[in-house]
Amino acid sequence: MSEHQDDVVLYAVEDGIATITLNRPEYRNAQNLAMIYGIDGALKRAVLDDAVRVVVITGAGSVFSAGHDIGSPGRDVHVQYDSRAALWPEYTRAEAAEERYAREIEIYLEMCRRWRAASKPTIAMVNGPCIAGGLMIAWSCDLITASTSAYFADPVVQMGVPGVELFAHPWELGTRLAKEMLFTRGQVSAERAAAAGMVALVAEPDRLVEETRALAQRVARNDRFALALAKVAVNRAQDAMGYHVGIDSVFGLHQLAHSHNAEVAGHGNRGVGVDAIRASLQAESAAAAGNVDEGKE
Ligand code: ZN
């Protein structure tokens, strides 16, 4: 709560490339709402800045993002921010399924769609583990580069939900690898993600920034409007293939799972209650604190 959006997300522009840095390395860049709205604000700033041609999103420290904040001291899930992506009643004044739906459609689903639709090319530079909600940021970008130290994982099946709110897994990895990742809660290496077509390039950690910058510069050589139209063209093709329909359908399953968990276990994320998370976090060092994903309960 003491954190300010400007602190948890850094913004810099150099040679036409805007870099947005998730900046909670002490919590493995766990995404509190300040960070989510900070990313949104930084992305808008980049789109409106005529000097910016390409946007890179990366993480401070050795982790890209460990997912949504479920237990750090800066967890602010009870704070109502001004709605930017969805027009639903304020989640802080709603209850039960309505509360979860209103919150998750604003800060997760529609926010990711808003980022995907940003008119300038975006590159997720995945500098380390990219877990659960971290996937949603990477998948909202046009291109993904990854360090050899990176991996991709969505272990939230252990919480009784089918996957993170933006269910793009089959689109990004193909159906077989998506099932393997979800069923096993396993780690998909950067190399394997590249082989699946999700990752554009894999670099050694000390080469990632340089190689991503070179990729961004190649993209930046093109006409701004032509690039924007190329982006819209590919996104529309994907939309026509059922991208949004599929994701909306699974968002309903995701909400069903939260409600089922609340009925049978008393909280929306079965087996991983906030009390249990807090207890384990208090026992760990701050460096290990950020942790993996998920909502309010
Ligand atoms: Zn959820």
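For the structure itself, look to the data block above.
Throughout what follows, the structure given in this document is the object of discussion. Everything numeric here is computed off the predicted structure, so don't read it as measured data.

### Considerations on the overall build of the protein chain
Turning to step 1, where the next piece is worked out: On a plain count of helices and strands, the protein chain comes out with 11 helices and nine strands.
Turning to step 2, where the next piece is worked out: Counting the 297 residues in the protein chain, one finds 45% classified as buried.
Turning to step 3, where the next piece is worked out: Across the protein chain, contacts joining residues at least 24 apart in sequence account for 74% of those joining residues at least 6 apart.

### Looking at the nonpolar core
Turning to step 1, where the next piece is worked out: In terms of nonpolar packing, the biggest core is built from 75 residues, with Ala124, Val126, Ala138 and Leu166 touching the most fellow members.
Turning to step 2, where the next piece is worked out: With sequence-adjacent residues up to four places away left out, Val126 is seen in contact with Phe64, Ala138, Ile144, Thr145, Ala146, Ser147 and Ala150.

### Brief notes about the sheet that holds strand β3 (residues 54-59)
Remark on secondary structure: sheet strands pair via backbone hydrogen bonds, oriented parallel or antiparallel.
Turning to step 1, where the next piece is worked out: Strands sit in the order β1-β2-β3-β4-β6-β9 across an open sheet of six strands; the sheet is mixed. Of all strands in the sheet, those bounded by a partner on one side alone are β1 (9-14) and β9 (201-203). Strand-to-strand twist across the sheet, computed as the mean angle between neighbouring axes with direction ignored, equals 20°.
Turning to step 2, where the next piece is worked out: One ladder, built from six bridges, connects β1 with strand β2 (residues 17-22); its direction is antiparallel. Across the sheet, Leu10 pairs through a bridge with Thr21, a residue of β2.
Turning to step 3, where the next piece is worked out: The sheet strands contacting helix α2 (residues 33-48) are β1, β2 and β3, and the helix crosses β1 at an angle near 20°.

### Let's talk about the sheet that holds strand β8 (residues 188-189)
Turning to step 1, where the next piece is worked out: Here we have three strands laid out as an open sheet, ordered β5-β7-β8, and mixed in their pairing. At either margin of the open sheet sits one strand with a lone partner, and together these are β5 (130-131) and β8.

### Things to note about α2
Turning to step 1, where the next piece is worked out: Look at α2: 23 Å from first C-alpha to last across 16 residues, which is about the 22 Å you get at 1.5 Å a residue.
Turning to step 2, where the next piece is worked out: Taken together, the buried positions of α2 are occupied by Leu33, Ala34, Met35, Ile36, Tyr37, Gly38, Ile39, Asp40, Ala42, Leu43 and Ala46.

### Comments concerning unusual backbone geometry
Turning to step 1, where the next piece is worked out: With a phi close to 50°, Ala96 is a non-glycine residue in the positive phi region.
Turning to step 2, where the next piece is worked out: If you trace the backbone, Ala96 turns up in helix α3 (residues 96-116).
Turning to step 3, where the next piece is worked out: At Ala132, a position not held by glycine, the phi torsion is positive, near 50°.

Conventions and cut-offs
Residues numbered from 1 in each chain as written. Predicted model: local features only at pLDDT ≥ 70, side-chain atom pairs only at ≥ 80, totals over all residues. Helix = DSSP H or I, 4+ residues; strand = E, 2+ residues; numbered from the N terminus. Buried ≥ 20, exposed ≤ 12 C-beta atoms within 10 Å, placed from the backbone. Contact = placed C-beta atoms within 7 Å. Core = buried A, V, L, I, M, F, W, Y, C linked by C-beta atoms within 7 Å. Pairing = 2+ DSSP bridges. Axes fitted to C-alpha atoms, helices over the stretch in contact; angles between N-to-C directions. Expected span 1.5 Å × (residues − 1).

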